[in-house]
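For reference, the chains in residue letters:
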Amino acid sequence: MTRLILATRNPGKITELHAILADAGLSHELVGADAYPDIPDVKETGVTFAENALLKAHALAQATGLPAVADDSGLCVDVLGGAPGIFSARWSGTHGDDTANLELLLAQLSDIAEEHRAAHFACAAALALPDGTERVVEGRLRGTLRHAPAGTNGFGYDPILQPDGETRTCAQLSPEEKNAISHRGKAFRALVPVVRELLA
Ligand code: ITT
């Protein structure tokens with residue numbers, strides 16, 4: 001069985017990719033970066049989601065000698081020209097402070113009318129092999145930004161993004177409902193044929 005390493009310490013992402021690979025009939029053993037604690041975190045110095053996902057996947061593939069999968073994602077707001085984008089996790093200055101990031105964004109958009117509040121979550125998912133072979137695919141979830149948060153599921157900007165065709169925010173969807181339509185779900189599912197092709 002081929003072992004695949006996923007460049008994240010987020011157990012939710014490991015579970016999600018595991019389910020997607022299993023649904024597709026692939027039986028690769030999937031391990032998180034936590035299984036290799038000596039490997040340092042990679043600096044995300046790219047300026048696109050795809051560049052950052054590839055940076056992380058290559059670093060892990062080189063360090064472990066295993067095929068590696070990495071993703072990078074964020075929220076892109078149309079009226080802000082795609083920001084926060086790759087800065088989504090540290091929009092308010094502190095990496096991973098979801099509440100501060102969300103509140104800052106809501107304040108910045110406070111006088112923006114409903115019809116101009118379009119935004120999307122974007123995710124790039126990359127596969128890199130130890131020999132340098134690489135592939136990257138992308139997924140998006142389009143929606144509208146609410147004026148106030150609603151819902152307690154998920155993380156990050158989930159409480160303010162209402163997907164197109166939905167009456168609830170992402171944070172009001174169950175994890176299964178979100179995975180079915182999410183940027184990350186789409187990107188990981190698009191990666192399945194790539195895994196099949198390169199790791200047959
Ligand atoms: P890694 O350890 O895997 O890198 P991370 O928390 O840095 O995880 P991501 O690169 O996946 O996260 O996402 C960057 C930020 O984009 C994240 O902190 C959120 O603010 C936002 N984001 C990404 N996907 C999201 C989602 O599905 N729902 C809500 N916010 C999301």
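Residues numbered from 1 in each chain as written. Predicted model: local features only at pLDDT ≥ 70, side-chain atom pairs only at ≥ 80, totals over all residues. Heavy atoms only, no water.

You'll find the protein chain entered in an unreviewed UniProt entry as dITP/XTP pyrophosphatase, with Streptomyces wuyuanensis given as the organism. In UniProt, the protein chain has this text filed under Subunit (unreviewed entry): "Homodimer." (UniProt positions renumbered as here; feature names shortened; annotations may be inferred.)

S.K.: Hey, could you run me through the packing of helix H1 (residues 11–23) against helix H5 (residues 183–198) in this one?
M.R.: For any two helices packed against each other, the geometry comes down to the angle between their axes and how far apart the axes lie. It is at 10 Å that the axes of H1 and H5 come closest, and there the two elements cross at 45 degrees. Classified by the angle between their axes, H1 and H5 sit oblique to one another. Helix-helix and strand crossings are classified by hand; for H1 and H5 the assignment is right-handed. Residue-level inspection shows Lys13, Glu16, Leu17, Ile20 and Leu21 of H1 in contact with H5, the latter providing Arg184, Gly185, Phe188, Arg189 and Val192. For the contact of H1 with H5, the per-class residue count stands at five nonpolar, one polar and four charged. (Axes fitted to C-alpha atoms, helices over the stretch in contact; angles between N-to-C directions. Helix = DSSP H or I, 4+ residues; strand = E, 2+ residues; numbered from the N terminus. Parallel < 35°, antiparallel > 145°, perpendicular 65-115°, else oblique. Left-handed = near helix turned anticlockwise from the far one by under 90°. Contact = heavy atoms within 4.5 Å. Nonpolar A, V, L, I, M, F, W, Y, C, P; charged D, E, K, R; others polar.)

S.K.: What's the story with the environment of Ala119 in this structure? I'm lost.
M.R.: Within the secondary structure, Ala119 is located in strand E4 (residues 118–128). What makes Ala119 buried here is its relative accessible area of 0%. A sequence separation of 42 residues divides Ala119 from Val77, and the C-alpha atoms of the two residues are 4.2 Å apart. Aside from chain neighbours lying at most four places away, what touches Ala119 is Leu75, Cys76, Val77, Asp78, Leu141, Arg142, Gly143, Leu145 and Leu161. (Buried < 20%, exposed > 50% of the residue type's maximum accessible area, 1.4 Å probe, protein only.)

S.K.: Looking at this model, I keep getting lost on the site of the ligand. Mind explaining?
M.R.: Within the structure, the ligand sits among 17 residues, and Lys13, Ser73, Asp158, Lys178 and Arg184 are positioned closest to it. His183 places a polar side-chain atom, nitrogen or oxygen, 3.2 Å from a nitrogen atom of the ligand. With respect to the ligand, the side chain of Arg184 contributes an N or O atom lying 2.8 Å from a nitrogen atom. Contact with the protein chains covers 87% of the free accessible surface of the ligand, which is 610 Å². Comparing atom positions with the cavity grids shows the ligand to sit within the largest pocket. Of all the elements in the fold, those that place two or more residues in the shell around the ligand are strand E3 (68–77) and H5. When residues of the shell around the ligand are assigned to their parent elements, the largest contribution, three residues, is made by E3. Residue composition of the shell around the ligand, by class: four nonpolar, seven polar and six charged. (Near = heavy atom within 4 Å. Polar contact = N/O pair within 3.5 Å; in protein donor to acceptor, adjacent residues only side chain to side chain. Areas by Shrake-Rupley, 256 points an atom, 1.4 Å probe, with all protein chains shown as cover. 1 Å grid on protein atoms, 1.4 Å probe; cavity = no way out; pocket = protein on both sides within 12 Å on 5 of 7 lines; lining within 4 Å. Sits in = over half its atoms within 2 Å of the grid points.)

S.K.: Would you take a moment to explain the state of the cysteines for this structure?
M.R.: A covalent bond between the sulfur atoms of two cysteines is what we call a disulfide. The tally for this structure, following the rule as stated, stands at zero disulfides. Cys123 supplies the cysteine sulfur nearest to Cys76, a cysteine that is in no disulfide, at a spacing of 11 Å. For Cys76, a relative accessible area of 8% gives the class buried. (Disulfide = S-S within 2.5 Å.)

S.K.: Please clarify how helix H2 (residues 49–64) should be interpreted in this entry.
M.R.: Working note: α-helix, 3.6 residues per turn, so residues spaced by three or four point in the same direction. Here H2 is 16 residues long and its end C-alpha atoms lie 23 Å apart, about the 22 Å a rise of 1.5 Å per residue gives. Inspection of H2 places Phe49, Ala50, Asn52, Ala53, Leu54, Lys56, Ala57, His58, Leu60, Ala61 and Thr64 among the buried residues, and these make up the whole buried set. Buried residues along H2 sit in contact with strand E1 (3–6), E3, E4 and strand E5 (134–145). Looking one or two places after H2, you find Gly65, whose phi comes out positive at around 75 degrees. (Expected span 1.5 Å × (residues − 1).)

S.K.: Would you mind going over the pairing of E5 with me for this structure?
M.R.: Sheet faces and side chains relate simply in a regular strand, where the side chains alternate between the two faces. Here E4 runs beside E5; their pairing, made up of eleven bridges, is antiparallel. Bridge pairing in E5 links Ala128 to Glu134. Hairpin remark: E4 followed by E5, antiparallel, with five residues in the connecting loop; positive phi at Gly132, about 100 degrees. Sheet topology note: the E5/strand E6 (residues 161–163) ladder contains three bridges and is antiparallel. Bridged to Gly143 within E6 is Pro163. (Pairing = 2+ DSSP bridges.)

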